[in-house]
Amino acid sequence: MSREPARVTLYSRPGCHLCDDARAVVERVCAELGERYDEVSIDDDPQLLRRFGEEIPVTFVDGRQHDFWRVDEQRLRAALAR
């Protein structure tokens, strides 16, 4: 049985309070809309660390960068409604 890929990806790192805030928004919105999300630690990948090190948390929706530093709940809902 194939599983649809998550529409939202949250790039984060341990101990990041902005990441904790973003995770709470992403979890709430995805739960309410029946969407899945994946969380990826940039600390586990040197390329991601170079790319996003100063911008975390970074969210992607449907493979495209959506937000960084903060997740706007209404913007995320609108993106997932498309």
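Notes on the structure follow. Owing to the predicted nature of the structure, the values given are computational and were not obtained by experimental measurement. (Residues numbered from 1 in each chain as written. Predicted model: local features only at pLDDT ≥ 70, side-chain atom pairs only at ≥ 80, totals over all residues. Heavy atoms only, no water.)

## Looking at the nonpolar core
Keep this limit in mind: Working definition of a nonpolar core: buried Ala, Val, Leu, Ile, Met, Phe, Trp, Tyr and Cys residues. They are joined through side-chain atoms within 4.5 Å. We call a residue buried when its accessible area falls under 20% of the maximum for its residue type, exposed when it is over 50%, and partly exposed in between, using a 1.4 Å probe and counting protein chains only. The helix count covers DSSP runs of H or I at least four residues long, the strand count covers runs of E at least two residues long, and both are numbered beginning at the N terminus. Residue contacts are defined here by distance: any two heavy atoms, one from each residue, within 4.5 Å place the two residues in contact.
Core analysis: the largest hydrophobic core is formed by 12 residues, namely Val-8, Leu-10, Ala-22, Val-25, Val-26, Val-29, Cys-30, Val-61, Val-71, Leu-76, Ala-79 and Leu-80. Broken down by secondary-structure element, the contributors of at least two residues to this core are β1 (8-12), α1 (17-33) and α3 (73-81). Counting residues per element, this core draws most heavily on α1, which supplies 5 residues. For Cys-30, the residues in contact, after removing those within four places along its chain, are Val-8, Glu-35, Arg-36, Tyr-37 and Leu-80.

## Points about the packing of aromatic side chains
How we decide: Here a Phe, Tyr or Trp ring, Trp counted by its six-membered ring, pairs with any other such ring whose centre lies within 6.5 Å, and the pair is stacked when the planes are under 30 degrees apart, edge-to-face when over 60, and tilted otherwise.
Enumeration according to the criterion identifies 4 aromatic pairs in this entry. Where Tyr-11 meets Phe-52, the ring centres are 5.0 Å apart and the plane angle is 35 degrees; that geometry is what we call tilted. Taken together, the residues span a long stretch of sequence, with Tyr-11 in strand β1 and Phe-52 in helix α2 (residues 46-52) at a distance of 41 residues. Centroid distance Phe-52 to Phe-60: 5.9 Å. Interplanar angle 70 degrees. Geometry classified as edge-to-face. Considered together, Phe-52 and Phe-60 belong to a single accessibility category, that of buried residues. Three or more aromatic residues link up through ring pairs in this structure, and these residues are Tyr-11, Phe-52 and Phe-60.

## Quick look at the pattern of salt bridges
When charged atoms on two side chains of opposite charge get close, those side chains can pair. Put simply, the rule reads: Put simply, a salt bridge is a Lys or Arg side-chain nitrogen that is within 4 Å of an Asp or Glu carboxyl oxygen.
Enumeration over the complete set of coordinates arrives at 10 salt bridges. The salt bridge involving Arg-75 is made with Asp-67; its shortest N-O contact spans 3.1 Å. One salt-bridge network, held together by shared partners, links Arg-28, Glu-32, Glu-73 and Arg-77.

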